[in-house]
Amino acid sequence: IRTIITAIGTGIGEEFDIEKLRYHRIVIMTDADVDGAHIRTLLLTFFYRHFKQIVENGHIFIAQPPLYKIQSGKTAEYAYSDDQRDKIVKQIGKTSVSIQRYKGLGEMNPDQLWETTMNPENRTLLQVAVEEAHEADKTFDILMGEEVEPRKKFIQTHAKAAKNIDV
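Everything in this summary refers to the structure shown in the same document. Note that the structure is predicted; figures quoted are calculated from it, not measured.

Before going further, it helps to spend a moment on the side chain of H59. Inspection of the secondary structure puts H59 in the loop between α3 (52–56) and β2 (60–63). In this structure the side chain of H59 is engaged in a polar contact, spanning 2.8 Å, whose partner is the backbone oxygen of H24. Residues within four places of H59 in sequence aside, it is in contact with L21, Y23, H24, R25, I26 and I54.

Next up on the list: the packing of helix α2 (residues 34–50) against helix α6 (residues 130–144). One way to put it is that α2 packs onto α6 with a least axis distance of 8 Å and a crossing angle of 110 degrees. With respect to their mutual orientation, α2 and α6 come out roughly perpendicular. Counting all contacts with α2, which are made through T41, L42, L44, T45, Y48 and R49, the residues of α6 involved are V130, A133, H134, A136, D137, F140 and D141. Broken down by class, the residue content of the contact of α2 with α6 amounts to seven nonpolar, three polar and three charged.

Across all of its chains, the model carries four aromatic pairs by this definition. Ring geometry for F47 and F51: centres 5.8 Å apart, planes at 50 degrees, overall tilted. An aromatic cluster of three or more residues is present, and its members are F16, F46, F47 and F51. Sitting above the plane of the F61 ring, R25 keeps its charged end 4.8 Å from the centroid. The lysine or arginine in question, R85, covers the ring of Y68, its NZ or CZ lying 4.8 Å from the ring centre.

Core analysis: the largest hydrophobic core is formed by 18 residues, its most contacted members being I26, L44, F47, I54, I60 and V128. For this core, the secondary structure elements donating two or more residues are α1 (2–8), β1 (26–28), α2, α3, β2 and α6. At four residues, α2 tops the list of elements feeding residues into this core.

Procedures and definitions
Residues numbered from 1 in each chain as written. Predicted model: local features only at pLDDT ≥ 70, side-chain atom pairs only at ≥ 80, totals over all residues. Heavy atoms only, no water. Helix = DSSP H or I, 4+ residues; strand = E, 2+ residues; numbered from the N terminus. Polar contact = N/O pair within 3.5 Å; in protein donor to acceptor, adjacent residues only side chain to side chain. Contact = heavy atoms within 4.5 Å. Axes fitted to C-alpha atoms, helices over the stretch in contact; angles between N-to-C directions. Parallel < 35°, antiparallel > 145°, perpendicular 65-115°, else oblique. Nonpolar A, V, L, I, M, F, W, Y, C, P; charged D, E, K, R; others polar. Phe/Tyr/Trp six-rings, centres within 6.5 Å; stacked < 30°, edge-to-face > 60°. Lys NZ or Arg CZ within 6 Å of the ring centre and 35° of its normal. Core = buried A, V, L, I, M, F, W, Y, C linked by side-chain atoms within 4.5 Å. Buried < 20%, exposed > 50% of the residue type's maximum accessible area, 1.4 Å probe, protein only.

Encoded structure:
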């Protein structure tokens, strides 16, 4: 976290100065799975609580890495969800299809990471709005707060697909 604060350049707390912001686009890049979503929520909460003006001014973005690479012959397409993967496979038809699921950004080779997530010509970035950061902050409070009942209700509501959950 100290490295992030230093890199941003604004300082934190009473020393925060938006005029010292070194970057006008701060990109959060996490894996496209559930663990990545949790890390993204933690980072959004951090920015919302300690750098709210950076969020309000639209400087925070979320990179969208693909979950799948679907290849048929020399043609490759990337899918960002299971539904998108299924749609691409259906479009390709009955020809030979190779599907690679990325477990995380570290599983991509440097060329794939550049092509899908880092290259400004191809990447998809979502600009974070205050509402999303506020929602992440609220969720963080529910999951990490001292009150048990809201956490239990959240888990029961959002973990319907999970099996063997002990609530």
